[in-house]
Amino acid sequence: MFSSIEDVIERFAKNNYIASRRIATVVYLASEMRKPILVEGPAGVGKTDLAKVLAASLGFDMIRLQCYEGLDEGKALYEWEYAKQLLYTQILKDKISEVLVGARSLTEAVDRIAAQDEVFFSERFVLPRPLLKAISSEQPSVLLIDEIDKADAEFEAFLLELLSDFQVTVPELGTIKAKHIPLVVLTSNNAREMSDALKRRCLHLYIDFPDRVQELAIVKLKVPEAAAKLAEEVVTVVQSLRKLDLKKTPGISETLDWVKALTLLNVNSLDQELVTETLDTIVKYEGDVRKAQEELKDYVRRVRARRGTEAGSDKDFLN
Amino acid sequence: MQEKLVEFANLLRENGVRVSLAETLDAFSASKVTGLAERDAFRTALRATMVKRASELPVFEELFDIYFSGLGEIIKQASQAVQNALSMSDQEFQKFLDQVEKMLQKEGKNLSELAKQLLQNKSGEMERKIREAARAVKLNGIERTIEENYFARALARQLGLDKIEAEIKQLREQLEKMDIGAELKAKMEEYLERRLKALDDIIRRYVRMEREKRDIKQKEDQRLNQIGEKSFYYLSEEELKKMNEAVTRLAQRLKNVITVRRKRSKKGRFDIKRTLRQNLEYGGVPFKLRFEKRKKEKPQVVILCDVSDSVRNASRFMLQFVYSLQDLYSRVRSFIFVADIGEVTECFRNNDAKEALDVALKGDIINVYAHSNFGYAFRNFVTDHLGAVNKRTTVIVLGDARNNYNLPHEWCLREIRQRAKKVIWLNPESRNTWGFGDSEMDRYAPHCDLVEECRNLNQLYRVVDRLVAG
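Residues numbered from 1 in each chain as written. Chains lettered and ligands numbered in written order. Predicted model: local features only at pLDDT ≥ 70, side-chain atom pairs only at ≥ 80, totals over all residues.

Caption draft 1: Molecular detail of the pairing of strand β8 (residues 183-188) of chain A. Residues and elements named next belong to chain A. With 6 of 6 residues buried, β8 is to be regarded as a mostly interior element. Taking every second residue as pointing to the same face, both faces of β8 are buried, with L183, V185 and T187 on one and V184, L186 and S188 on the other. The sheet contact formed by strand β1 (residues 37-40) and β8 spans 4 bridges and is parallel. Bridging across to β8, E40 finds its partner in S188. Inspection of the sheet shows strand β5 (residues 141-146) paired to β8 by 4 bridges, in the parallel sense. In the sheet register, V142 faces β8, and the bridge partner there is L183. (Buried ≥ 20, exposed ≤ 12 C-beta atoms within 10 Å, placed from the backbone. Helix = DSSP H or I, 4+ residues; strand = E, 2+ residues; numbered from the N terminus. Pairing = 2+ DSSP bridges.)

The following block contains the structure:
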């Protein structure tokens, strides 16, 4: 576990994640208080990454549950392996007949089979899904429940029991209690409002787009091969793009994609022709692309003007 | 600390942030983990445990600042003001304070505690004293601006301001007799004078801050509610702007509600074919049941908006509302009319809702300065655009039906209704005035499935809600 807030920042940095103090504090609190974190924020600000890095920096396993519409207990918690059970009964037919030898009535036969019940409903035939895995795991783990807003409200209610007691009940096997209470990270894109009950049990963390300095640091960390000047320019443009009214605002991951693409193409300044063609790495809608182009042109014009005046003053100086 | 957190939680609640008891307890244990020394960590601890909605974060930030630093900040500012008035640098001020202290040791034996703290610039202790006094006079019950004076006086009385005043006056008299050089004496005197004023100032500002705490959110809510109930026709320029924001917010809310509703109703009848196929791997034993997915048809909408002067605001928001909900419908087509009728669907597809509205209402598409003629517009719609209407289309007409005594041509509406799934008429006029003067509402109403008054945003919201529900 972490020893202090600084420790969190440091260990996260080692895993290539620049955590603001606010994020680090919440992570530290969660690890101390043993409470789940509910991370909200726009797409592409590193919500999922937070869980991955948390696991990596603690040396824990990460177990991930991706939520989607129609996700149910069978997919999230456990399921009986019907096929395997059927196969076993087929193969063991002879053995079963042996058990039944000498049974005088149907009732007696059924009773004999019933006595063997636990063979077929044992842990051997349980297919553990992420939640059960996280609870029954021998090692401490980080459980990531991704995009919880995509799951149905009923599933959310089911999660509540798990998040408060960290135990699940499988009727045939009994109650399984967590050996190690996993660190739980839930992420949400705000497609719908989470229930108050769920929110009450979690620490809430809202991650917004980073400011210019932070974003630049992230770019430098993740794409070290990018030219410093290019990185700066890209971050400036993306920051101003976020202020526009776009259908989908570019996140950090888009910034990184763009820098990577430009670096691959050997571009080192934004005033080159090629740049407009790579815009679709950061904006994903036709209308947005047009707006982004305008903004980019504007930026290039400003930069050129600045450079022009600088060059002009140089000339004056020479004369 | 516990007490303070509980009070802070109450304050949040008063300002519309839902904080449960469990969350307050969490906040308490979280603040134990982070400790109080580091302000930012403490703030984050409270934010993570008490505020669970991104939209409530600004309220929290504001209240935290006011509550946890408010008084301290005020006191600091006050003493800074004193320092500035004496025009001293930090170092000089510190030295001066040392001299004050020396003087106080000699002369100020019979000063009250608060007076000493005030003169020695001990802000932490002063803060505690003032808070105690505030609790004694129940300052947290303050609600209105006019109560400020009353509470300021009560607080001053509780703190014994009169006594402090007298003591400082006495101190000044003693100062006269002291032998410490004219310059220092003058400075000292000014200092005493200003300090006394500063205390008065602190009390007043503290009281005002307490009142402000209580109505940050209230004001905001009231404003939006008022706008919701206010008739479109009377909106001022300023309110129109705020209205945009309200429309977007309502649209978002509606979208959430509808999406959930659609998801709920997804299971249909038992699907034998798929169940058999799916369970082949279990030897035909039906372990997994399959159900038909019930298809929910998204409604198609055709909107006819009257954009003559009298109802333009209503039309504007109707259009904006419907277009911000576009993905809830499979198809939206919109027409605007005064006398001529013109389609503005393209216009919305290619522009922002806001720009599109401007273009649509500017008069390029139809002459918006003509006199309303519903009959003429309907007849043109039937001859030119009837193809837009089919049995899945809901037709919404938005207008006041003030026809300037032209021919109403209500048969056009009947024709439209025969082809459409539903015809809804929204009238931004009060129901009482329908049918009077040149209003043809009574003639049109029989040919509509639903006629609603739609004077303000809340009514509009309800109508659209019913609409998407199908």
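Caption draft 2: Fine view of the nonpolar core. Ranked by internal contacts, the top residues of the largest apolar core, which has 69 residues, are I37, V185 and L205 of chain A. Residues contacting L205 of chain A, with those up to four places away along its chain left out, are I23, V26, I37, L38 and V39 of chain A together with A48 of chain B. Judged by nonpolar contacts, the second largest core, of 57 residues, contains V302, V451, C454 and V464 of chain B. (Core = buried A, V, L, I, M, F, W, Y, C linked by C-beta atoms within 7 Å. Contact = placed C-beta atoms within 7 Å.)

Caption draft 3: Region of interest: the sheet that holds strand β8 (residues 450-453) of chain B. Residue and element names in this part refer to chain B. In space, the 6 strands of this open sheet follow the order β5-β4-β3-β6-β7-β8, with mixed pairing throughout. Because the sheet does not close on itself, it has two edges, and the strands there are β5 (341-343) and β8. Between one strand axis and the next, the sheet turns by 20 degrees as a mean value, whatever way the strands run. With 3 bridges connecting them, strand β4 (residues 331-337) and β5 associate as antiparallel partners. When the bridges of β5 are listed, I336 appears paired with G342. Sheet contacts for helix α14 (residues 312-324): β3 (300-306), β4 and β6 (393-398); angle to β3, the most-contacted strand, approximately 160 degrees. (Axes fitted to C-alpha atoms, helices over the stretch in contact; angles between N-to-C directions.)

Caption draft 4: Representation of the packing of helix α13 (residues 228-243) of chain A against helix α14 (residues 252-264) of chain A in the model. All names here are of chain A. Where α13 contacts α14, the axes come no closer than 10 Å and their chain directions differ by 140 degrees. In this view, α13 runs oblique relative to α14, as classed from their interaxial angle. Considering how the two elements wind past one another, α13 and α14 form a crossing that is right-handed. Residues L230, A231, V234, V235 and V238 of α13 lie in contact with α14, whose contacting residues are T255, W258, V259 and L262. Across the contact of α13 with α14, the residue classes tally to 8 nonpolar, 1 polar and no charged. (Parallel < 35°, antiparallel > 145°, perpendicular 65-115°, else oblique. Left-handed = near helix turned anticlockwise from the far one by under 90°. Nonpolar A, V, L, I, M, F, W, Y, C, P; charged D, E, K, R; others polar.)

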